[in-house]
Amino acid sequence: GTKSDYWADAVLNYTLRGTAIPVLPGSLYLALFTAGPNSAGVGTEVSGGSYARVALTRAGGTFDAPSPVGVTANTAVISFPTPTVDWGTVVGWALYDASTGGNMIYFGDLSAGGSCPVGVTVTVPIGDLDITER
């Protein structure tokens, strides 16, 4: 995954200008996309049919300590609600600071994206949600 424009600006403003960094909630929320997203947060998020972003715990929760330097991945299987309608072909993901709306923090493409038909639970296996800070 890659840092969003929003988060890149927040880190630069904090580091180089002394501006307070935005406070993130205790959980970030994983979203799925059928188009995009890009660094500006433009894309088509899945909607309807029981879809909801999944809360990922920040403190001692979903991600391992960076290893190698600047790289982390999920430490547990992440499961979305089971679709009650066809969600289409999912091609991307993003982490947000809210369960709806909010600011995109990181985003990426799904290397093994695919269709999300009715009744098939969408999961992200351990180690498949990689985030790189380099």
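Every value quoted in this text rests on a predicted model; they were computed, and no experiment measured them. (Residues numbered from 1 in each chain as written. Predicted model: local features only at pLDDT ≥ 70, side-chain atom pairs only at ≥ 80, totals over all residues. Heavy atoms only, no water.)

Focus on unusual backbone geometry
The omega torsion across Gly-36 and Pro-37 is 0°, close enough to zero to call that bond cis. Relative to the helices and strands, Pro-37 is located in the loop between strand S2 (27–35) and strand S3 (44–45). Ser-67 connects to Pro-68 through a cis peptide bond whose omega is -5°. Looking at where Pro-68 falls in the secondary structure, it is placed in the loop between strand S4 (54–57) and strand S5 (71–73). A positive phi angle, near 75°, is found at Ser-50, a position not held by glycine. Classification of Ser-50 as partly exposed rests on a relative accessible area of 40%. (Helix = DSSP H or I, 4+ residues; strand = E, 2+ residues; numbered from the N terminus. Buried < 20%, exposed > 50% of the residue type's maximum accessible area, 1.4 Å probe, protein only.)

Some remarks on the pattern of salt bridges
All chains considered together, the criterion is met by 2 salt bridges. One salt bridge connects Glu-133 with Lys-3, and the closest N-O pair in it is separated by 2.4 Å. With Glu-133 in the segment after strand S10 (130–132) and Lys-3 in strand S1 (residues 2–3), this residue pair connects regions lying 130 residues apart in the sequence. The salt bridge involving Glu-45 is made with Arg-53; its shortest N-O contact spans 2.9 Å. In this structure Glu-45 comes out as partly exposed when scored by relative accessible area, which is 23%. Using a relative accessible area of 13% as the deciding quantity, one classes Arg-53 as buried. (Salt bridge = Lys/Arg side-chain N within 4 Å of Asp/Glu carboxyl O.)

Digging into the side chain of Ser-4
Locating Ser-4 in the fold gives a position in the loop between S1 and helix H1 (5–17). A distance of 3.1 Å separates a polar side-chain atom of Ser-4 from the backbone nitrogen of Trp-7. (Polar contact = N/O pair within 3.5 Å; in protein donor to acceptor, adjacent residues only side chain to side chain.)

A short note on the packing of aromatic side chains
By the definition in use, this model includes 3 aromatic pairs. Here the aromatic rings of Tyr-51 and Phe-80 are separated by 6.2 Å at their centres, their planes lie at 10°, and the arrangement is stacked. Placement of the pair is Tyr-51 in the loop between S3 and S4 and Phe-80 in the loop between strand S6 (78–79) and strand S7 (89–96), with a sequence separation of 29 residues. Exposure remark for Tyr-51: the relative accessible area of 14% places this residue in the buried category. Phe-80 sits in the buried class, given a relative accessible area of 3%. Between Tyr-51 and Trp-87, the ring centres sit 5.3 Å apart and the planes meet at 90°, which makes this aromatic pair edge-to-face. You can see Tyr-51 sitting in the loop between S3 and S4 and its partner Trp-87 sitting in the loop between S6 and S7, a full 36 residues away along the chain. (Phe/Tyr/Trp six-rings, centres within 6.5 Å; stacked < 30°, edge-to-face > 60°.)

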